[in-house]
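These are the residues of each chain, in order.
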Amino acid sequence: MSHPDEPDEVEEDFARPFLTSVSQADRPPMHAQRGTATMPSREPLHRVGDADWDEEAQGSQDGEFIRPYLVTGGRVHEGLGDFSTVYALSAKGRTQLKELSFESLQIAELCHEAQSVAEISAHLRLPLGVVTVLARDLSHSGYLAAASTAIDPASDITLITRLIHAVHAL
Amino acid sequence: MLSTHSDPTRSPAPQGNGGSGRPAPVPVKIIVAGGFGVGKTTLVGAVSEIPPLTTEAAMTSVGKGVDDAGSVTSKTTTTVAMDFGRITVDESLRLYLFGTPGQDRFGFMWNELTTGALGAIVLADSRRLDDSFAAIDFFESRQLPFIVAVNTFDGGQFHSLDDVRAALDVDAHIPVIHTDARNRQVVKETLLTLLDVVLKHAMARQGNGQAG
């Protein structure tokens, strides 16, 4: 039953106020201040939407109000994921960053300097599982490059020796 | 074990610009397991080049009635916090130290946590040694190199290391040492003690590999 007084656009605005406010708020500064924004605000984007839920959700932990599957488009990675995987911006990421939006953009911007999933998660206050899914996507679509992982580091005497020297030198 | 990250899409089509593309450093990790308040974050912070960061993961586990919720056994989602720091070895290698709750009820996450880890430090409070049992059991069963480091609180050493060793019943070849999570030099030595165990482990493995 569609009524003329309820056009679709209005519906969408009502359904996702945080999406529109986020995009309005972020678009200009994200590009304008790249220098200062490599560490995007420690206020995660989803805080914009918190106001809607605060009243019901008070008492649960800070910053966890958004459901992870909203951020990941329904995909869930429960658990720790590949939390020590390190990502850095690829050439494509550096030049085509503005194609990204929301959390993906934040993740990519952080990765101007190589970051582990755990670091991204801590800086953006997103659960590890969410960052695992999004960073993997960004890697598959070429914006981020994953560092290769050490193959069986526990048997790699050269690697262990390098670590010992590094810790000595601390 | 090749990771999924080595899939072909990870090297994007050659592009002219962005010549500064150094390869991202390979990460390796060491686990610091211990009970609440035992000093994991302090220890990590003592040697980390960044202030310790906190991250969270939602973990699904089977509730055993340990928490306030009562004795209902059900699948629940727990949020687990990990504090971590890092040490850059050089451009191509980075060490992460992950502090994680060491108690039994977090055991469901340790498989994931220790995959690919070099080794572990069990940080113990000699007044609450039972917080350490589960982690020790797990690392032993996984044959992950580990040491037991008894944190010194306010200069006090409440029990001798021999007593701690006996109470924890760890193998004779596993170092049980004192540490002071606030003291960078002492924490360095603690890390080196672990890395020495890790190295011996690796050499033993290689020996076996060649023999086989």
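Small disclaimer: the values here were computed from a predicted structure and weren't measured. (Residues numbered from 1 in each chain as written. Chains lettered and ligands numbered in written order. Predicted model: local features only at pLDDT ≥ 70, side-chain atom pairs only at ≥ 80, totals over all residues. Heavy atoms only, no water.)

Visitor: Explanation requested: the overall build of chain B in the structure shown.
Guide: In terms of helices and strands, chain B carries five helices and seven strands. Taking the contacts inside chain B whose residues are at least 6 apart along the sequence as the reference set, 71% of them involve residues at least 24 apart. As presented, chain B carries roughly 10200 Å² of accessible surface, and 52% of it is formed by carbon and sulfur atoms. (Helix = DSSP H or I, 4+ residues; strand = E, 2+ residues; numbered from the N terminus. Contact = heavy atoms within 4.5 Å. Areas by Shrake-Rupley, 256 points an atom, 1.4 Å probe, with all protein chains shown as cover.)

Visitor: Which parts of the structure should I look at to understand the packing of helix H8 (residues 117–124) of chain A against helix H9 (residues 128–140) of chain A?
Guide: Between two packed helices, both the angle of their axes relative to each other and the distance between the axes serve to describe the pair. Residue and element names in this part refer to chain A. Contact pair H8 / H9: the axes reach a minimum separation of 9 Å and the direction vectors enclose 120°. The pairing of H8 with H9 is recorded here as oblique in orientation. Remark: the crossing between H8 and H9 carries right-handed chirality. In this structure, H8 contributes Val117, Ala118, Ile120 and Ser121 to the contact, and H9 contributes Leu128, Val131 and Thr132. The residue makeup of the contact of H8 with H9, split by class, is five nonpolar, two polar and no charged. (Axes fitted to C-alpha atoms, helices over the stretch in contact; angles between N-to-C directions. Parallel < 35°, antiparallel > 145°, perpendicular 65-115°, else oblique. Left-handed = near helix turned anticlockwise from the far one by under 90°. Nonpolar A, V, L, I, M, F, W, Y, C, P; charged D, E, K, R; others polar.)

Visitor: Explain the pairing of strand E1 (residues 26–34) of chain B to me, please; I cannot follow it from the model alone.
Guide: A regular strand places its side chains on the two faces of the sheet in alternate fashion. Within E1(B), nine of the nine residues are buried, leaving the element largely enclosed by the surrounding structure. Burial of the side chains of E1(B) extends over both faces: B:Val26, B:Val28, B:Ile30, B:Val32 and B:Gly34 are buried on one face and B:Pro27, B:Lys29, B:Ile31 and B:Ala33 on the other. (Buried < 20%, exposed > 50% of the residue type's maximum accessible area, 1.4 Å probe, protein only.)

Visitor: I would appreciate a short explanation of the pairing of strand E1 (residues 86–89) of chain A in the present structure.
Guide: All names here are of chain A. Burial along E1 is two-sided: Val86 and Ala88 and Tyr87 and Leu89, pointing in opposite directions, are all buried. The pairing of E1 with strand E2 (residues 115–116) spans two bridges and is classified as antiparallel. Residue pairing across strands places Val86 opposite Ser116, the latter belonging to E2. Direction of pairing for E1 relative to strand E3 (residues 144–146): antiparallel, over a ladder of three bridges. Its bridge partner being in E3, Leu89 is matched across the sheet by Leu144. (Pairing = 2+ DSSP bridges.)

Visitor: Got a minute to help me understand the interface of chain B and chain A in this structure?
Guide: Accessible area lost upon the coming together of the parts serves often as the stated size of an interface. The interface of chain B with chain A comprises 58 residues on the first partner and 57 residues on the second. Where chain B abuts chain A, roughly 5000 Å² becomes buried across the two surfaces, and 63% of that area is made up of carbon and sulfur atoms. Linking chain B with chain A are five salt bridges, by the criterion used here. Ionic pairing is found between A:Glu119 and B:Arg94, a salt bridge with its closest N-O pair at 3.7 Å. At the surface where chain B touches chain A, the tally comes to 14 residue pairs in polar contact (both at pLDDT 80 or more). Sorting the residues of the side of chain B that touches chain A by element identifies E1, strand E2 (53–62), strand E3 (75–90), strand E4 (93–101), helix H2 (110–114) and helix H5 (184–211) of chain B as the ones contributing at least two each. At eleven residues, the largest contribution of residues to the side of chain B that touches chain A is made by H5(B). (Buried area = accessible area lost by both parts, 1.4 Å probe. Salt bridge = Lys/Arg side-chain N within 4 Å of Asp/Glu carboxyl O. Polar contact = N/O pair within 3.5 Å; in protein donor to acceptor, adjacent residues only side chain to side chain.)

Visitor: What's the story with H8(A) in this structure? I'm lost.
Guide: An α-helical turn contains 3.6 residues, so a residue and the one three or four places further along point in the same direction. Residue and element names in this part refer to chain A. Of all eight residues in H8, eight are buried; the element is thus mostly enclosed. Looking only at H8, the buried set comprises Val117, Ala118, Glu119, Ile120, Ser121, Ala122, His123 and Leu124. Just past H8, the residue Arg125 takes up positive phi, approximately 55°.

Visitor: Whenever I open this one, the pattern of salt bridges confuses me. Can you help?
Guide: Two side chains with opposite charge may pair up if their charged atoms get near one another. Here the structure, examined in full by the defined rule, presents ten salt bridges over all chains. Here B:Arg86 and A:Glu113 are joined by a salt bridge, their closest N and O atoms 3.3 Å apart. Of this pair, B:Arg86 sits in strand E3 while A:Glu113 sits in the loop between helix H7 (102–110) and E2, which puts the two residues in different chains. Taking the relative accessible area as the measure of exposure, B:Arg86 reaches 8% and is therefore buried. A:Arg162 serves as the salt-bridge partner of B:Asp90, at 3.0 Å between the closest nitrogen and oxygen. Taken together, the positions of B:Asp90 in strand E3 and A:Arg162 in helix H10 (residues 157–168) put the pair across two chains. Note on B:Asp90: relative accessible area 30%, which makes it partly exposed.

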